Amino acid sequence: SSLAAECPDRIPQTLMWSVHDRASLRTASAMLGLSRDVSPSIDISSLNAVDFDGDALSSMAVAEDRAGFALQLLAARGGQHATLEEGDQRRAIAARLTSSAKNDNGPDRRQQVYSVTSLIAHPDLIVDSATGLSVPTAAAVEMDCARAITAAITAAATARSSSSATTTQGSAQKTQGATQKA
């Protein structure tokens, strides 16, 4: 959202709002008898204005890719609340994040094997690892993705704060040393 681009510290909050809105849309669609394929389009163009390091973008890409894979698997197996379109959107976002990562030195971190055991065993309902509640599997996939992205953003913000604090302290020490010499 534009809020995320204008205030990077609020990205985790807007991310959770987005996940909540998607879940509400699914619930309302089901209650109204609409197709479960109803989903908003995803636009991450505003993220281009936010400055993340390559590691954070790579971590976000892995989270999106894992979610896309899981949603595609659930949809292919007839799982509730998952569509191939949503899985494709997640995989496209992962590709865009990877291309923005500026991490040319390492391999594509999305190139890995994702476990399917719990998805196959629980295609419709699963226990959410963070809350212990029984939730739709697609919702747990979305929340796990949101949590992983929030963790990546928090780690990047912490690293940036630590880096700028170190730089500020170093500049202050240099200025203080120069003042004492004069």
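Quick caveat, the model's predicted, so the values are computed rather than measured.

Cut-off values and rules
Residues numbered from 1 in each chain as written. Predicted model: local features only at pLDDT ≥ 70, side-chain atom pairs only at ≥ 80, totals over all residues. Heavy atoms only, no water. Helix = DSSP H or I, 4+ residues; strand = E, 2+ residues; numbered from the N terminus. Buried < 20%, exposed > 50% of the residue type's maximum accessible area, 1.4 Å probe, protein only. Contact = heavy atoms within 4.5 Å. Phe/Tyr/Trp six-rings, centres within 6.5 Å; stacked < 30°, edge-to-face > 60°. Salt bridge = Lys/Arg side-chain N within 4 Å of Asp/Glu carboxyl O. Expected span 1.5 Å × (residues − 1). Polar contact = N/O pair within 3.5 Å; in protein donor to acceptor, adjacent residues only side chain to side chain. Axes fitted to C-alpha atoms, helices over the stretch in contact; angles between N-to-C directions. Parallel < 35°, antiparallel > 145°, perpendicular 65-115°, else oblique. Left-handed = near helix turned anticlockwise from the far one by under 90°. Nonpolar A, V, L, I, M, F, W, Y, C, P; charged D, E, K, R; others polar.

### Brief notes about the environment of Glu 64
Following the sequence through the fold, Glu 64 ends up in helix α3 (residues 54-76). Taking relative accessible area as the criterion, Glu 64 reaches 5% and is therefore assigned buried. Expressed as a C-alpha distance, the spacing of Glu 64 and Arg 110, which sit 46 residues apart in the sequence, is 9.2 Å. With residues near it in sequence (within four places) discarded, Glu 64 still touches Arg 90, Ile 93, Ala 94, Leu 97, Cys 145 and Ile 149.

### So, the side chain of Gln 72
Position of Gln 72 among the secondary structure elements: in helix α3. Look past the residues within four positions of Gln 72 in its chain and what remains in contact with it is Leu 84, Gly 87, Asp 88 and Arg 91.

### Description of the packing of aromatic side chains
How two aromatic rings sit relative to each other is set out by the distance from centre to centre and by the angle between their planes. For the structure shown, the criterion picks out one aromatic pair. Centre to centre, the rings of Phe 69 and Tyr 114 are 5.6 Å apart; their planes meet at 40°, and the pair counts as tilted. Placement of Phe 69 in helix α3 and of Tyr 114 in the loop between α4 (84-100) and α5 (117-121) is noted, with a sequence separation of 45 residues between them. By relative accessible area, which is 24% here, Phe 69 ends up partly exposed.

### A look at the pattern of salt bridges
In the structure shown here, the tally under the stated rule is five salt bridges. Note that Arg 90 is salt-bridged to Glu 142, the shortest N-O span being 2.1 Å. Of the two residues, Arg 90 sits in helix α4 while Glu 142 sits in helix α6 (residues 137-181), which places them 52 residues apart along the sequence. The burial state of Arg 90 is the same as that of Glu 142; both residues are buried. Measuring nitrogen to oxygen at the nearest pair gives 3.1 Å for the salt bridge that ties Arg 147 to Asp 144.

### Some details on α3
Think of an α-helix as 3.6 residues a turn; residues three or four steps apart then line up on the same face. Here α3 is 23 residues long and its end C-alpha atoms lie 32 Å apart, about the 33 Å a rise of 1.5 Å per residue gives. Among the 23 residues of α3, 18 are classified as buried, and the element is accordingly described as predominantly covered. Residue Gly 78 follows α3 closely and has a positive phi angle near 80°.

### Thoughts on the side chain of Asp 128
Looking at where Asp 128 falls in the secondary structure, it is placed in the loop between β1 (125-127) and β2 (134-136). Within polar-contact distance, the side chain of Asp 128 engages the side chain of Thr 131 at 2.8 Å. In contact with Asp 128, other than residues within four places in its own chain, are Leu 133, Val 135, Asp 144 and Arg 147.

### Some remarks on the environment of Ala 70
Checked against the element boundaries, Ala 70 lands in helix α3. The spatial distance from the C-alpha of Ala 70 to the C-alpha of Ala 138 is 8.0 Å, given a sequence separation of 68 residues.

### Considerations on the packing of α3 against α4
Running from N to C, α3 and α4 point in directions that differ by 160°, and their axes come no closer than 7 Å. By the angle between their axes, α3 is roughly antiparallel relative to α4. Here the hand of the crossing between α3 and α4 comes out left-handed. Together, Leu 57, Met 60, Ala 61, Glu 64, Asp 65, Ala 67, Gly 68, Phe 69, Leu 71, Gln 72, Ala 75 and Ala 76 of α3 and Leu 84, Glu 86, Gly 87, Asp 88, Arg 90, Arg 91, Ile 93, Ala 94, Leu 97, Thr 98 and Ser 100 of α4 make up the contact between the two elements. Per-class residue counts for the contact of α3 with α4 are 12 nonpolar, five polar and six charged.

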